[in-house]
Amino acid sequence: MNSKLYCCLAAIVAVHLASCSKSTDDRFPPYDNTAEVEAFWKSKPEFFQWKTPADLPADLKWENGADVPEFGDPAAKKGGTFHDFHPTYPPTFRVVGPDASNPFRGEHHDNVYMWIVKRHPDLDAWIPSMADEWAYSKDKKTIYFKLDPKLTFTDGTPITVEDFFMTFFIMLSPHIKDPWYNDYFSKEFKAITKYDDHTFSFTIPEAKPDPMWYVGDFQPMSRKFYRELGPDFPARYQWRKAPSTGAYDILPEGMNPGRSITLSRMKNWWGRDKKHYRYLFNVDSIEYKIIASQDKAFEMFRQGELDFFVGGLPRYWYDKAEIPELHKGYIERHVFYNEFPQVTWGILLNESKPPLDNLEVRLGINYAMNFQKVIDVDFRGDKTRMNSLVSGYGKFTNPDVKARPFDPVKAREHFAKAGYTTPGPDGILQNTAGKRLSFTLTTFNSGTITPIMLRLKEEAKKAGLEIKVEGLDTTQMYKKLDQKNHELGFAGMGAQPPYPRFWDNYHSSNAYKVGKDGKREVVTDTHNMTMTADPELDKLIDQHRLAETEDEVQRLSWQLAKLIDDRANSIPAWESPFYRYLCWRWVRWPKTGNARQSQLPLDAMVYWIDEDIKRETQKAMREGKDFGEVTRIFDSFQRK
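Thresholds, definitions, all that
Residues numbered from 1 in each chain as written. Predicted model: local features only at pLDDT ≥ 70, side-chain atom pairs only at ≥ 80, totals over all residues. Heavy atoms only, no water. Helix = DSSP H or I, 4+ residues; strand = E, 2+ residues; numbered from the N terminus. Rg over C-alpha atoms; globule rule 2.2 N^0.38 Å. Buried < 20%, exposed > 50% of the residue type's maximum accessible area, 1.4 Å probe, protein only. Contact = heavy atoms within 4.5 Å. Areas by Shrake-Rupley, 256 points an atom, 1.4 Å probe, with all protein chains shown as cover. Lys, Arg positive; Asp, Glu negative; His and termini not counted. Charge placed at Lys NZ, Arg CZ, Asp CG, Glu CD. Phe/Tyr/Trp six-rings, centres within 6.5 Å; stacked < 30°, edge-to-face > 60°. Lys NZ or Arg CZ within 6 Å of the ring centre and 35° of its normal. Arc of directions from axis to C-beta. Pairing = 2+ DSSP bridges. Axes fitted to C-alpha atoms, helices over the stretch in contact; angles between N-to-C directions. Core = buried A, V, L, I, M, F, W, Y, C linked by side-chain atoms within 4.5 Å. Expected span 1.5 Å × (residues − 1). Salt bridge = Lys/Arg side-chain N within 4 Å of Asp/Glu carboxyl O. Parallel < 35°, antiparallel > 145°, perpendicular 65-115°, else oblique. Left-handed = near helix turned anticlockwise from the far one by under 90°. Polar contact = N/O pair within 3.5 Å; in protein donor to acceptor, adjacent residues only side chain to side chain.

Draft legend 1. Main features of the overall build of the chain. Counting secondary structure elements, the chain contains 19 helices and 29 strands. In terms of overall size, the chain behaves like a compact globule, its C-alpha atoms giving a radius of gyration of 25 Å where 640 residues would be expected to give roughly 26 Å. Counting all 640 residues of the chain, 57% fall into the buried class. Put simply, of all contacts in the chain between residues at least 6 apart along the chain, 74% involve residues at least 24 apart. By element, 52% of the accessible surface of the chain is carried by carbon and sulfur atoms, the whole surface being about 27100 Å². Looking at the chain, you have 88 positive and 90 negative side-chain charges, and the mean spots of the two groups are 2 Å apart.

Structure (structure tokens):
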């Protein structure tokens, strides 16, 4: 980017951030939705209910997880700054609305906020979080909570039950321009009831195998912060950072547009002394430098400007790691075996873009993608082929669904059935109208991913298929996929236990809607990036969503995985039973390495900075002292 243009854009964002940090924003007229919120609540008396503690069922069996072993390492030390990087500055700090699901969302929201009741990161048990106690109705359709009375948002505002009521006003509002949340919150809850300021319940429409998975991570949303939510919400709140329930927040001084973002630990955080959390969230601040180039980030890591570097790619784990800092033990290698659904790396085929609406074309593309060569050459065998984009869910993953292997002969057979039979001068197939079999593959503009895509491009030529690789920065890439403007898109999507979620990615309501003129319109900003729209598939997805037993969830998960595989609109790439990373030796971890149910190294917030070891290491570097090369392998949770 031209440096003058970059500075201009950064200045514009800085002005917006400065204006948004004020209590009033001169760019927008005054707005107060207090009366609108109260009217909304009163308009739905069966959904929003006010009762008294005397109305609580007398036979409730309150749980508090007191017998569950504490999570975290007592050796953890507080303090210091953890230095990391991110490839792009986020397009917004909103957590709902356009662009809210951007790649930085996890760093400032998903990995930071607190659940009402949380799953123990190592054990199959629920533990207190925002709520100290919880209970279930006999039919398991109503879940009751008693909140910690010390609970506050990161801006110091006390959290009460009405802040949970406020979440429904926001998530059901057309002003947020987020159809996914509008749909989810209209279907997944039947009622919310207040008994006092810190006691409430959710009622859900149908019983679930374990209802806590469906309500445990529900987030209150501050009535104070969202008081100005109205028709101009996306623009008005574009750069406003909502207060969180977690230990960290981004303060105005932590926003350095285009250069860095810093999360600061709240000194008076309500959960700092609670069991399961007192040994987490240890560093005072987390700085994310904005560095587009992974190679540049690695050099900064080597110089000590970053504390940590993901080592998933062999070029960083092997080649670039042949450095004195690692040989002498200043930097360490860590390998951790986890138990968590994998990031679903793969190619998403947009069925709304002809000829990708032709099944034979999609099948041919599947057979034309040589991911095994990528695994053997680019990953040097360190990965294995992922068989479907709903793998990693244990008994809920269909073992009979397998990824289609690279087979140029089969690819050409399917292309021929779609009418692509004649090779052009360059070997690319054409149909009788002279149209080439050519598609644009949108992906990250990355020194690590781009070579992999170019390898797939070269291999695809053997099947008569042309792939044009389009590299965009991370924010632009995901935005293009969210807007459904891609043909083929290579991306990695996060996954959460315990069950596969088909509605998000494959239900037609996340692909199309009926417009005002009665015509079908594309629904943007959803995860249905394949534009799957099949009424019969919708019926099964809806059944899966309403399933009341794990046996039913398993049966439908297997059936759906097979039907989705038959559509051939998702090409799974690779997976691994572990993650690995490099870190300076002053970054410390628990004895077990990390949380069993962690997807990536930093998710569980278990690490800390040991300033004594940092000073020792820096002194050793000046004096040439050698600690010896260190590779730590944490395999306590390795599947046997």
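Draft legend 2. Seen up close, the packing of aromatic side chains. Enumeration according to the criterion identifies 70 aromatic pairs in this entry. A ring pair is formed by Trp180 and Tyr184, whose centres lie 5.1 Å apart and whose planes are at 10 degrees; its orientation type is stacked. Of this pair, Trp180 and Tyr184 both sit in helix 5 (residues 179-187), separated by four residues, roughly a single helical turn. A residue is classified by how much of its surface remains accessible, and Trp180, at 13% relative accessible area, is buried. Seen in terms of ring centroids, Phe189 and Phe218 are 5.5 Å apart; in terms of plane orientation they differ by 80 degrees. Their pairing is edge-to-face. Of this pair, Phe189 sits in the loop between helix 5 and strand 7 (191-196) while Phe218 is found in the loop between helix 6 (212-215) and helix 7 (233-236), placing the two residues 29 residues apart along the sequence. Residue classification places Phe218 among the buried residues on the basis of a relative accessible area of 5%. The residue whose ring lies beneath Arg240 is Tyr237, and the NZ or CZ to ring-centre distance is 4.7 Å. When the ring centre of Trp317 is taken as origin, the NZ or CZ atom of Arg333, which lies over that ring, is 5.5 Å away.

Draft legend 3. Geometry of helix 13 (residues 408-417). Looking at helix 13, one finds that the buried residues are Ala411, His414 and Phe415. All buried residues of helix 13 project into a common sector of 100 degrees when viewed along the axis, lining one side. For helix 13, exposure combined with an orientation more than 90 degrees from the buried face picks out Val409 and Lys417. Looking at the buried side of helix 13, the elements it contacts are helix 11 (359-368) and strand 18 (429-430). With its phi angle positive at about 100 degrees, Gly419 sits one or two positions after the end of helix 13.

Draft legend 4. Just the sheet that holds strand 13 (residues 308-310), in detail. Read from one edge to the other, the open sheet built from four strands follows the order 13-26-14-29, with strand pairing classed as mixed. Either end of the sheet is taken by a strand with one partner, and the two such strands are strand 13 and strand 29 (631-634). Neighbouring strand axes in the sheet, compared pairwise and without regard to direction, differ in orientation by 20 degrees on average. As judged from the four bridges shared by strand 14 (residues 331-337) and strand 29, these two strands associate in the parallel manner.

Draft legend 5. Examining the side chain of Thr199 more closely. By the secondary structure assignment, Thr199 is in strand 8 (residues 199-203). With a relative accessible area of 7%, Thr199 lands in the buried category. Discounting residues that sit within four places of it in the chain, Thr199 has contacts with Leu56, Phe145, Lys146, Val161, Thr193 and Lys194.

Draft legend 6. Highlighting the nonpolar core. Among the nonpolar cores identified, the biggest contains 179 residues, and Phe145, Phe202, Tyr226, Ile365 and Met369 are the most heavily contacted of them. If you tally residues by element for this core, the top one is helix 4 (residues 161-171), at eight residues. Once you skip the residues sitting within four places of it in the chain, Met369 turns out to touch Ile347, Phe406, Leu456, Ala460, Leu465, Ile467 and Ile571.

Draft legend 7. The arrangement of helix 14 (residues 449-460) in detail. With 12 residues, helix 14 extends 17 Å from end C-alpha to end C-alpha; this agrees with the ideal 16 Å at 1.5 Å per step. Within helix 14, the full set of buried residues consists of Ile449, Ile452, Met453, Leu456, Lys457, Glu459 and Ala460.

Draft legend 8. Focus on the sheet that holds strand 1 (residues 48-50). Strand order in this open sheet of five strands is 1-7-8-6-5, and the pairing throughout is mixed. Two strands close off the open sheet at either side, each with one partner strand: strand 1 and strand 5 (131-136). Neighbour-to-neighbour, the strand axes of the sheet open up by a mean angle of 20 degrees, direction not taken into account. Both strand 6 (residues 142-147) and strand 8 contribute to a ladder of five bridges, which runs antiparallel. Bridge pairing in strand 8 links Thr142 to Thr203.

Draft legend 9. Here's a closer look at the pairing of strand 5. Both strand 5 and strand 6 contribute to a ladder of five bridges, which runs antiparallel. Bridged to Glu133 within strand 6 is Lys146. Connecting strand 5 to the next strand, strand 6, in antiparallel fashion are five residues, including Lys140 with a positive phi near 60 degrees.

Draft legend 10. The pattern of salt bridges, seen in detail. In this structure the tally under the stated criterion is 47 salt bridges. The salt bridge partner of Glu458 is Lys461, with a shortest N-O separation of 3.2 Å. In this structure, Glu470 and Lys480 form a salt bridge, with 2.7 Å as the shortest nitrogen-oxygen distance. With Glu470 in strand 20 (residues 466-472) and Lys480 in helix 15 (residues 474-482), this pair connects stretches of sequence that are 10 residues apart. A single salt-bridge network, built from bridges that share partners, covers Lys77, Asp610, Asp612 and Arg615.

Draft legend 11. View of unusual backbone geometry. For the bond running from Pro354 to Pro355, omega is 5 degrees, close enough to zero to count as cis. With respect to the helices, strands and loops of the structure, Pro355 is situated in the loop between strand 15 (344-349) and helix 11. With an omega of 5 degrees, the peptide bond between Pro497 and Pro498 qualifies as cis. As for its position among the elements, Pro498 is in the loop between strand 21 (488-493) and helix 16 (502-506). The residue Lys140 is not glycine, and still its phi comes out positive at about 60 degrees. Mapped onto the elements, Lys140 comes out in the loop between strand 5 and strand 6. Although it is not a glycine, Met605 adopts a positive phi angle of roughly 55 degrees. With respect to the helices, strands and loops of the structure, Met605 is situated in the loop between strand 27 (587-588) and strand 28 (608-609).

Draft legend 12. Expanded view of the packing of helix 12 (residues 371-378) against helix 14. Helix 14 packs onto helix 12 with a crossing angle of 135 degrees between their chain directions and a minimal axis gap of 10 Å. Between helix 12 and helix 14, the crossing angle belongs to the class labelled oblique. Note on packing geometry: the crossing formed by helix 12 with helix 14 is right-handed. Across from Phe371, Lys373, Val374, Val377 and Asp378 in helix 12, the residues of helix 14 making contact are Ile452, Arg455, Leu456 and Glu459.

Draft legend 13. A look at the environment of Asp517. Inspection of the secondary structure puts Asp517 in the loop between strand 22 (512-514) and strand 23 (520-522). Take Asp517: its relative accessible area is 53%, and that puts it in the exposed class. A sequence separation of 91 residues divides Asp517 from Asp426, and the C-alpha atoms of the two residues are 45 Å apart. In terms of polar contacts, Asp517 uses its side chain to reach the backbone amide nitrogen of Lys519, at 3.0 Å.

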